[in-house]
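# Understanding the architecture of this molecule
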Amino acid sequence: MGSRRAWRTCPLCEALCGLELTLDEAGGITGVRGDRDDPLSAGFLCPKGATLGALDGDPDRLDAPLVRGVPVGWDEAFEAVRDELSGVIARYGRDAVAIYIGNPTAHSVAGPLYGSALIKALGTRNVYTASTADQMPKHVSCGHLFGDPLAVPVPDLDRTGYLLMLGANPLESNGSLCSAPDFGGRLKAIRARGGRVVVVDPRRTRTASLADEHLFVRPGTDAHLLMALVHTLFAEELTSIPEGLPLNGLDELRAIAVGFSPERVAPVTGVPAEVIRRIAHELAAAEHAAVYGRIGTCTQEFGTLASWLVDVLNILTGNLDRPGGAMFPRPAHLAVYRKRRPFTTGRWRSRVRGLPETMGELPVATLADEIETPGEGQIRALITVGGNPVLSAPDGARLDRLLPSLDLVVSVDPYLNETTRHAHVLLPPPRPAQTPHYDVALLAFAVRDYARYSPPAVPLPDGRPAETEIIARLATIAAGTDASTADLDELVIMTTLGRAVAAPGSPVYGRDPVELRKELASGSSLTEQRLDMMLRLGPYGEGFGADPSGLTLARLRDEHRHGIDLGPLKPRLDEVLCTASGRIELCPPAFAADTDRLAAALDAPPADLVLIGRRQLRSNNSWLHNVPQLRGGSNTCTLQLNPADADRLGIAEGTLVRVTSRTGTVEAVAAPTDTVMPGVVSLPHGWGHGLPGTRARVAATDPGVSVNAITDDQFIDPLSGNAAFNGVPVTLTPLRAADSPSLSSVSPSASSASPSSSASG
Ligand SMILES: Nc1nc2c(c(=O)[nH]1)N[C@H]1C(S)=C(S)[C@@H](COP(=O)(O)OP(=O)(O)OC[C@H]3O[C@@H](n4cnc5c(=O)[nH]c(N)nc54)[C@H](O)[C@@H]3O)O[C@H]1N2
Ligand SMILES: Nc1nc2c(c(=O)[nH]1)N[C@H]1C(S)=C(S)[C@@H](COP(=O)(O)OP(=O)(O)OC[C@H]3O[C@@H](n4cnc5c(=O)[nH]c(N)nc54)[C@H](O)[C@@H]3O)O[C@H]1N2
Ligand code: SF4
Ligand SMILES: [Mo]
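Source: prediction; values computed, not measured.

## Comments concerning the overall build of the protein
What the protein contains, in helices and strands, is 26 helices and 29 strands. Considering only C-alpha atoms, the protein reaches an extent of 65 × 65 × 60 Å along its principal axes. Counting all 761 residues of the protein, 63% fall into the buried class. Within the protein, contacts between residues at least 6 apart in sequence are counted, and of these 74% link residues at least 24 apart. Summed over its atoms, the accessible surface of the protein is roughly 26400 Å², and 53% of this surface lies on carbon and sulfur atoms. Taking the average place of the 71 positive charges on the side chains of the protein and the average place of its 86 negative ones, the gap between the two points comes to 1 Å.

## Let's talk about the sheet that holds strand β7 (residues 127-129)
Sheet architecture is open: 7 strands sit in the order β5-β4-β17-β16-β15-β6-β7, paired in mixed fashion. Two strands close off the open sheet at either side, each with one partner strand: β5 (70-71) and β7. Across 5 bridges, the pairing between strand β6 (residues 97-101) and strand β15 (residues 381-385) is parallel. Residue pairing across strands places Y100 opposite T384, the latter belonging to β15. Sheet strands touched by helix α4 (residues 110-122): β6, β7 and β15. Its angle to β6, the strand with the most contacts, is close to 165 degrees. In the packing of helix α18 (residues 467-479) onto the sheet, the strands contacted are β15, β16 (408-412) and β17 (425-427), and the crossing angle to β16 comes to about 155 degrees.

## Looking at the side chain of Q640
Following the sequence through the fold, Q640 ends up in strand β22 (residues 639-641). A relative accessible area of 16% means that Q640 is categorised as buried. For Q640, the contacting residues outside a window of four places in its chain are R203, R614, A671, T673, V676, V680, V681 and S682.

## As for unusual backbone geometry
Positive phi values are uncommon outside glycine, yet A42 reaches one of about 45 degrees. Among the secondary structure elements, A42 is positioned in the loop between β3 (29-34) and α1 (47-50).

## Brief notes about the packing of aromatic side chains
As enumerated under the stated definition, the model contains 4 aromatic pairs in all. Each ring, one from F146 and one from F328, has its centre 5.1 Å from the other, and the planes form 90 degrees; the classification is edge-to-face. In this pair, F146 sits in helix α5 (residues 136-146) while F328 sits in the loop between β14 (326-327) and α15 (367-372), placing the two residues 182 residues apart along the sequence. Against the face of W7 rests R561, its NZ or CZ located 4.1 Å from the ring centre.

## With respect to helix α10 (residues 250-257)
Taken residue by residue, α10 has L253, I256 and A257 as its buried positions. On an axial view of α10, the arc spanned by its buried residues comes to 95 degrees, and they lie on one face. Facing away from the buried side of α10 by more than 90 degrees, the exposed set consists of D251 and A255. Here the buried face of α10 lies against α9 (222-235), α14 (303-316) and α24 (589-601).

## Brief notes about the site of ligand 3
Neighbouring residues of ligand 3: C10, L12, C13, A15, L16, C17, C46, K48, G49 and N174. The pocket occupied by ligand 3, as judged from atoms lying within 2 Å of grid points, is the second largest cavity.

## Structural notes on the nonpolar core
For soluble globular proteins, the rule of thumb is that nonpolar side chains tend to be buried together. L164, W308, L427, Y438 and I584 are the most contacted members of the largest nonpolar core, which totals 129 residues. Among all residues touching L427, those that are not within four sequence positions of it are P65, W74, A77, F78, V410, S411, V412, D413, I470 and L474. Counting 27 residues, the second-largest nonpolar core is a separate cluster that includes L62, Y128, A133 and F725.

## Some points on the environment of E172
Here E172 shows up in helix α6 (residues 170-173). When its relative accessible area of 15% is taken as the criterion, E172 is described as buried. In sequence terms E172 and R206 are 34 residues apart; their C-alpha atoms lie 7.6 Å from each other. Of note is the side chain of E172, whose polar atom sits 3.1 Å from the backbone nitrogen of L617.

## Side note on the UniProt feature "domain: 4Fe-4S Mo/W bis-MGD-type" (unreviewed entry) in the protein
Taken from the UniProt record, the annotation "domain: 4Fe-4S Mo/W bis-MGD-type" (unreviewed entry) applies to residues 3-60. Here residues 3-60 runs as 16% helix and 31% strand, with 24 Å between its end C-alpha atoms.

## Describing empty space enclosed by the protein
With the rule as written, the count across this model stands at 2 cavities of 30 Å³ or more. Of the volumes computed, that of the largest cavity is approximately 70 Å³. Lining the largest cavity, in full, are K138, V152, P153, P155, L177, V291, Y292, G293, V310, D311, N314 and A326. Contributions of two or more residues to the lining of the largest cavity are made by β13 (289-293) and α14. Among the residues forming the lining of the largest cavity, the class breakdown is 8 nonpolar, 2 polar and 2 charged. Taken as a whole, the second largest cavity holds about 40 Å³ of empty space. The wall of the second largest cavity is formed by C10, C13, A15, L16, C17, L19, L45, C46 and G49.

## Side note on the site of ligand 2
The environment of ligand 2 is formed by 28 residues, the closest being N103, D413, N417, E467 and S622. Here Y100 contributes a side-chain N or O atom positioned 2.6 Å from an oxygen atom of ligand 2. In the model, a nitrogen atom of ligand 2 is placed 2.6 Å from a nitrogen or oxygen of the E467 side chain. In isolation ligand 2 exposes 920 Å². Once the protein is present, 93% of that is buried. For the shell around ligand 2, the class distribution of residues is 13 nonpolar, 11 polar and 4 charged.

## Describing helix α21 (residues 526-537)
Side chains that are three or four residues apart share a direction in an α-helix, a result of its 3.6 residues per turn. In a regular helix each residue adds 1.5 Å, so 12 residues correspond to 16 Å; α21 covers 16 Å between its end C-alpha atoms and thus fits that length. Among the 12 residues that make up α21, 11 are buried, leaving the element largely enclosed by the rest of the structure. Within α21, the full set of buried residues consists of T527, E528, Q529, R530, L531, D532, M533, M534, L535, R536 and L537. Lining the buried residues of α21 we find α4, α18, α19 (485-502), α20 (513-519) and α22 (553-559).

## With respect to the sheet that holds strand β1 (residues 4-9)
The 3 strands are arranged β1-β2-β3 in an open sheet whose pairing can be described as antiparallel. Every interior strand has two partners, whereas the edge strands, β1 and β3, have only one. Here the average twist between neighbouring strands, direction ignored, is 25 degrees. Bridging between β1 and strand β2 (residues 18-23) involves 6 bridges; their strand directions are antiparallel. When the sheet's bridge partners are listed, R8 is paired in β2 with L19.

## Looking at the environment of F260
In this structure, F260 sits in the loop between α10 and α11 (262-269). Counting along the chain gives 189 residues from F260 to P71, while the straight-line C-alpha distance between them is 61 Å.

## Let's talk about a positive patch on the surface
A cluster of like positive charges, contributed by K120, K339, R341 and R499, occupies part of the molecular surface. Mapped onto the secondary structure, K120 falls in helix α4.

## Quick notes on the environment of L406
Looking at the secondary structure, you find L406 in the loop between α17 (396-402) and β16. L406 sits 270 residues away from V676 along the chain, and the two C-alpha atoms are 41 Å apart. Residues contacting L406, with those up to four places away along its chain left out, are I371, I379, R380, A381, L382 and H424.

Reading the values: the criteria
The residue numbering used here restarts from 1 in each chain and proceeds along that chain's sequence as written. Lettering for chains starts from A, numbering for ligands starts from 1, and both go in the order in which the items are written. Side-chain atom pairs in this predicted model are given and counted only at pLDDT of 80 or more, local residue features only at pLDDT of at least 70, and totals for whole chains, interfaces and linings cover all residues. No hydrogens and no water enter the side-chain calculation; it runs on all heavy atoms of the structure. Helix and strand assignments come from DSSP, with helices taken as H or I runs of at least 4 residues and strands as E runs of at least 2, each series counted from the N terminus. Burial classes: relative accessible area under 20% of the type maximum marks a residue as buried, over 50% as exposed, and values in between as partly exposed (1.4 Å probe, protein chains only). Any pair of residues with heavy atoms lying within 4.5 Å of one another is described as a contacting pair. All accessibility values rest on the Shrake-Rupley procedure with a 1.4 Å probe; residue burial counts only the protein chains present in the view. As used throughout, the charge tally considers Lys and Arg to be positive and Asp and Glu to be negative, leaving His and the chain termini uncounted. Throughout, a charge is located at the NZ atom of Lys, the CZ atom of Arg, the CG atom of Asp or the CD atom of Glu. A pair of strands counts as paired when DSSP detects no fewer than two bridges linking them. Here an angle of 0 to 180 degrees is reported between the N-to-C directions of two axes, which are lines fitted to C-alpha atoms, with helices fitted over the stretch in contact. Each aromatic pair joins two rings of Phe, Tyr and Trp (for Trp, the six-membered one) with centres within 6.5 Å, and gets the label stacked for planes under 30 degrees apart, edge-to-face for over 60, and tilted for any other angle. Whether a charge sits over a ring depends on NZ of Lys or CZ of Arg being within 6 Å of the ring centre and within 35 degrees of the ring normal. When we speak of the arc, we mean the arc of directions from the helix axis to the C-beta atoms. Here, proximity means that at least one heavy atom of the residue falls within 4 Å of the molecule or strand. Put plainly, a pocket is an open set of points on a 1 Å grid over the protein atoms alone with protein on both sides within 12 Å along at least five of seven lines, a cavity is a set where a 1.4 Å probe fits but cannot get out, and a lining residue has an atom within 4 Å of a point. To decide whether a molecule occupies a pocket or cavity, check its atoms: if more than half lie within 2 Å of the grid points, it is inside. To define a nonpolar core, start from buried Ala, Val, Leu, Ile, Met, Phe, Trp, Tyr and Cys residues and group those joined through side-chain atoms within 4.5 Å. In protein, a polar contact means a hydrogen-donor-capable atom and an acceptor-capable atom, both N or O and within 3.5 Å, with residues adjacent in sequence counting only if both atoms are side-chain atoms; elsewhere, any N or O pair within 3.5 Å suffices. UniProt positions are given in the numbering used here, feature names are shortened, and annotations may be inferred rather than shown by experiment. Grid points are joined across faces, edges and corners, and a volume is the space filled by probe spheres set on the points. The nonpolar class holds Ala, Val, Leu, Ile, Met, Phe, Trp, Tyr, Cys and Pro. Asp, Glu, Lys and Arg form the charged class, and all remaining residues, Gly among them, are polar. The span expected for a helix works out to 1.5 Å for each residue beyond the first. Each patch is built from residues that are more than 30% exposed by relative accessible area and take part in no salt bridge. Like charges join if they lie within 9 Å; nonpolar side chains (Val, Leu, Ile, Met, Phe, Trp, Tyr) join within 5 Å. Any carboxyl oxygen of Asp or Glu that lies within 4 Å of a side-chain nitrogen of Lys or Arg is treated as forming a salt bridge with it.

Written out as structure tokens, the structure is:
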């Protein structure tokens, strides 16, 4: 038989690249190439995708469930969960069970299709996800502006003539909330067609180097900068709002912007007033312009305001929902009929700090409080799915100290890592080659309408549950019913069909759901049938006969195995807008109120040194450091700082430096560089490996330290509860010179990244 080929989407980041895999007889991945026939990625591939085989075949990946560290059969593992979970619920009630859902679940079929069933079945208010360490400010912003928190405009990269990009470094991250394989190539193309790219970042990143212009901005001051741009557009009559655009709040916004002139914000942001004014003119003059902000604008104390003002600028310059501007993708699996309803946050509040719920979840920045603080509703059990909050949450070191106090920790995760070493029951999902792929969550952010489904390249071994099955089983266990996972799928299918037939505007309006049910691809898994249903009901769908040439799962899988291009982004504000008023709410009262805080910050004395993060191309949050091919080079956990600050503090290249914040201390090797602006230091996140009880042998050889031992869980964006990782005040103390021994590897126990964990092992 020999080797064979298979095609799938890379599951590792938001770029959604198509991969061509070579597999050996045993189903191991022996080669990976970019899939040149993929219409979106056209053969593009980064070093992570290229080493998917090593990740897939990682010998440290778990094969069997562990109950208290002992490998057991799957039924036994689920029985252990059932026993212990029902005990916790019986003793303390449902709110005592928390769930944390991490980043890889946004890249899977299992997370989006089964995660909400698990949350619902748990019936707890203690729902946490990586979203409140990431993009929640954008959701809150879009929820208020457009009515739908998931209606996030993306820059129409391939047609824009001017891109103002803040807090994003797609040359390392490969893009986020903007799925665009070969992001760098697309940026170069903007310049090649005579357009302009401007990057705003406290570091001169690789992305900034590729741009026409880079502006250093002081961390956490983007909202000031953006408000000054708004100010200038109003003051100099540069706005061009399309006639008939349904808009509320223009006058309220104008009144607020008055207080933020370029001269007023320049000293705070570090961007000169005349530059701010010029950028406003350029934005207004460009035929097609898009403003795009990403994680640097979200994970900071003014995250929601900054996210809001990004789209305010798109609206005021007439670039929202217009080719070449900022547009709403139209994913093939999302039905377009929707109801108007007011978007709200704070429908409930966290028990200890009173932080508002957003999109049904609470801020991960308060997870530790809810575990630690006694009283009714205290968390006693935690389920993690594809997350590593010990390394990824603000003050994750505190979580690491608290997890051993829980009665039960259940983790769905392929690795024994810093978080899952605390799990009483660890349920490993199968490897990527054995997993189907469709980007339920991320296709909503692609720069072209596009869809791709990849069936598993390798069948699951007998008795091994898919991740969809694992999460569904946990949901049935949490519900405490005798229902099977098939019952759960059937319930979702019939509920969705029931809604579709009742929705005017749906292609199946008025039809019989039982008849429609019969049409879904029989013979394939229920998960595939659910995807089939979604595609058929979607905007490019076959509509259960309404458009015989439209999409079905079988057609996508069998006729378009490299993916299907559904065209450039199309104006569709009318489909998207679902505020209670039916108009864009340009100046939501909650945001207007928060601008008082923004104004107050104009007069606050700046901290001497603040911490920000950085992403590294050959890494992915906390979990790719175990791939040998990706290690080394610049992919190390160093402390970058400006040479002027280094000189002032007696720090040289290679000096071991103690970095101290309100919450803790870590030690890292200094790497002075003028790519970082004065007053700013940068440490990457996701490091701090090698702790006792973990199994990631490669990662442990050069473990680095966890920046989230010194980020602050009290430092948040109040409107979204999102963690403010950027702008954390720190002090530096040089410890040892460059050439002293043992500098090249800072051992985890020598650093204080996780003080308790070295003790607890
Ligand atoms: N290689 C790699 N790729 C990844 C990941 C990874 O860990 N490694 N993670 C994935 C995930 S989960 C996400 S969410 C995306 C994120 O994707 P991006 O948003 O592109 O993430 P970063 O590369 O961290 O870029 C953020 C930039 O913001 C800057 N910054 C920090 N503070 C501020 C500030 O206050 N204002 C401004 N304007 N800029 C600031 C930082 O210097 C940094 O250059 O990347 C994804 N892709
Ligand atoms: N200081 C600082 N902290 C940050 C950030 C920052 O920029 N600076 N970025 C934040 C951002 S944007 C994010 S998204 C979060 C990420 O936060 P998390 O999602 O908590 O962290 P990850 O490191 O992505 O952890 C992913 C986990 O999923 C597991 N995993 C991998 N594949 C699968 C799979 O197929 N199924 C399952 N069930 N599990 C799998 C991995 O083993 C790992 O344990 O971190 C945040 N933390
Ligand atoms: S850019 Fe992202 S999706 Fe593309 S190969 Fe790299 S990790 Fe995979
Ligand atoms: Mo993220």
